[in-house]
Amino acid sequence: MSDEKDRFGDKIRDLEKAREDQWAAQRDRELLERLRRKQAELKQAVSAAAETMGALCPRCHHPLVKTEQKGLTILSCPEDGGGWLDQAELKSLLQRLK
Ligand SMILES: [Zn+2]
């Protein structure tokens, strides 16, 4: 009788443990899904902000201003006077120096 009672108790504990594991797994899936959604929202917000602001100066992080000088498009920083060229503009400049 006592042995049967112990086995029944073990089964109940196993069942409770399985339910807890199932609940924890479901909660983990929901948390992961919420994190993925949040991450996607943040990525979208960052790319929207970058698009709105344009390129930022790599030295001082102020927005760069696109200027034309002698046929070259240069991104200039009004804050620290830096200037940047994209690869096509740089190749064009180097070609002129030959
Ligand atoms: Zn700058």
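Our structure is the block above this text.
Now for a quick tour of the structure. (Residues numbered from 1 in each chain as written. Predicted model: local features only at pLDDT ≥ 70, side-chain atom pairs only at ≥ 80, totals over all residues.)

Brief notes about the pairing of strand β2 (residues 72-76)
As judged from the five bridges shared by strand β1 (residues 65-69) and β2, these two strands associate in the antiparallel manner. Bridge pairing in β2 links Lys66 to Leu75. Where β1 folds back on β2, the antiparallel hairpin that results is connected by two residues, among which Lys70 adopts a positive phi of roughly 50 degrees. Of the strand pairs in this sheet, β2 and strand β3 (residues 83-84) are connected by two bridges, and their pairing is antiparallel. The residue of β3 that forms the bridge with Leu75 is Trp84. Here β2 folds back onto β3, and the loop between the two strands holds six residues, one of which, Gly81, carries a positive phi near 80 degrees. (Pairing = 2+ DSSP bridges. Helix = DSSP H or I, 4+ residues; strand = E, 2+ residues; numbered from the N terminus.)

Focus on unusual backbone geometry
Positive phi, normally seen in glycine, also occurs at His61, with a value near 65 degrees. Note on placement: His61 falls in the loop between α1 (2-53) and β1. We classify His61 as exposed; it has 11 C-beta atoms within 10 Å. Non-glycine residue Lys70 carries a positive phi angle of around 50 degrees. Counting through the fold element by element, Lys70 comes out in the loop between β1 and β2. C-beta crowding within 10 Å serves as the criterion here: with 7 such atoms nearby, Lys70 is assigned to the exposed category. (Buried ≥ 20, exposed ≤ 12 C-beta atoms within 10 Å, placed from the backbone.)

Quick notes on α1
Its 52 residues place the ends of α1 75 Å apart at the C-alpha level, agreeing with the 76 Å of an ideal helix rising 1.5 Å per residue. Burial within α1 is sparse, with just zero of its 52 residues counted as buried. At the exit of α1 stands Gly54, carrying a positive phi of roughly 80 degrees. (Expected span 1.5 Å × (residues − 1).)

Purely geometric stuff here, so don't read any function into it on its own.
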